[in-house]
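# Residue-level structure breakdown
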Amino acid sequence: MFGNKNLKGESNAGGEVGLIWRPLPDSEIKVSGYHQNYNNMIVLMSSARTMRGENVPEVEVWGSEIQARHRWSSFLESGVNYTYMDAMNSLTHLQAASRPTHQGGFWGEVQIAQPLKFRVDLNVYGDYWYDSNNKLKAPGATRLNALLKYQLTKKTELYVRG
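The notes below deal with the structure included here. Because the structure is a prediction, the values reported are computed rather than measured.

Reading the values: rules and limits
Residues numbered from 1 in each chain as written. Predicted model: local features only at pLDDT ≥ 70, side-chain atom pairs only at ≥ 80, totals over all residues. Heavy atoms only, no water. Helix = DSSP H or I, 4+ residues; strand = E, 2+ residues; numbered from the N terminus. Core = buried A, V, L, I, M, F, W, Y, C linked by side-chain atoms within 4.5 Å. Buried < 20%, exposed > 50% of the residue type's maximum accessible area, 1.4 Å probe, protein only. Contact = heavy atoms within 4.5 Å. Polar contact = N/O pair within 3.5 Å; in protein donor to acceptor, adjacent residues only side chain to side chain. Pairing = 2+ DSSP bridges.

### Here's the deal with unusual backbone geometry
Look at Asn-40: it is not a glycine, yet its phi comes out positive at around 60°. Checked against the element boundaries, Asn-40 lands in strand E2 (residues 27–46).

### Describing the nonpolar core
Note that soluble globular proteins tend to have their nonpolar side chains buried in a common cluster. Judged by nonpolar contacts, Tyr-34, Tyr-38, Met-41, Val-43, Val-56, Val-59, Val-61, Met-85, Ala-87, Ala-96 and Ala-97 together constitute the single largest core of 11 residues. Elements with a contribution of two residues or more to this core: E2, strand E3 (51–73) and strand E4 (76–89). The element best represented in this core is E2, accounting for four residues. If near-sequence neighbours (up to four positions away) are discounted, Tyr-34 is found in contact with Gly-15, Glu-16, Val-61, Trp-62, Gly-63, Ser-64, Glu-65, Thr-83, Tyr-84 and Met-85.

### What about the side chain of Ser-32?
Mapped onto the elements, Ser-32 comes out in strand E2. Polar side-chain contacts of Ser-32 include one of 3.1 Å to the side chain of Glu-16. Apart from residues no more than four positions distant in its own chain, Ser-32 is found in contact with Glu-16, Val-17, Gly-18, Gly-63, Ser-64 and Glu-65.

### Here we look at the environment of Lys-5
Residue placement: Lys-5 occurs in the segment before strand E1 (11–21). A residue is classified by how much of its surface remains accessible, and Lys-5, at 86% relative accessible area, is exposed.

### What about the pairing of strand E6 (residues 116–125)?
Pairing of strand E5 (residues 102–113) with E6 involves 10 bridges; the strand directions are antiparallel. Bridging from a neighbouring strand, Gly-104 pairs with Val-124 of E6. Taking the residues between adjacent antiparallel strands as the criterion, E5 and E6 are bridged by two residues. Sheet topology places E6 next to strand E9 (residues 141–153); 10 bridges connect them, and they run antiparallel. Residue Phe-118 lies in a different strand from E9, and its bridge partner there is Leu-148.

Next up, the structure:
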């Protein structure tokens, strides 16, 4: 639908370093930082008339993430997360398209009955650029997802999400 037969394969090199801290037996906090250099990054770009995938020759990405979760009881768990990302086109020094600088969220999960769980995620995405020229800006968005999971076996879950 938005294909581009002329796309080249994307490649990258980089790394991540992080720390996991468990201040309480049922709590966990993760903090990490990362850096990636992309060659031929594939991004979905828009203009007034089209939307298609394109290659961006060189993109440098720096970022950090923080996540926290806590199990409040045997049937209730929740968490928060935040990501900062700077995705810069190394040739034009403009932001890479379709990469919001700020993203965050909150989630909660309730064990309804032994094999059945219900989860709600509230995700917030900051504004970003539709195009590589940084002329068409997409406003930030908030999304709410609901998920009903059924634990079929130890290794298999069935779910419905909306």
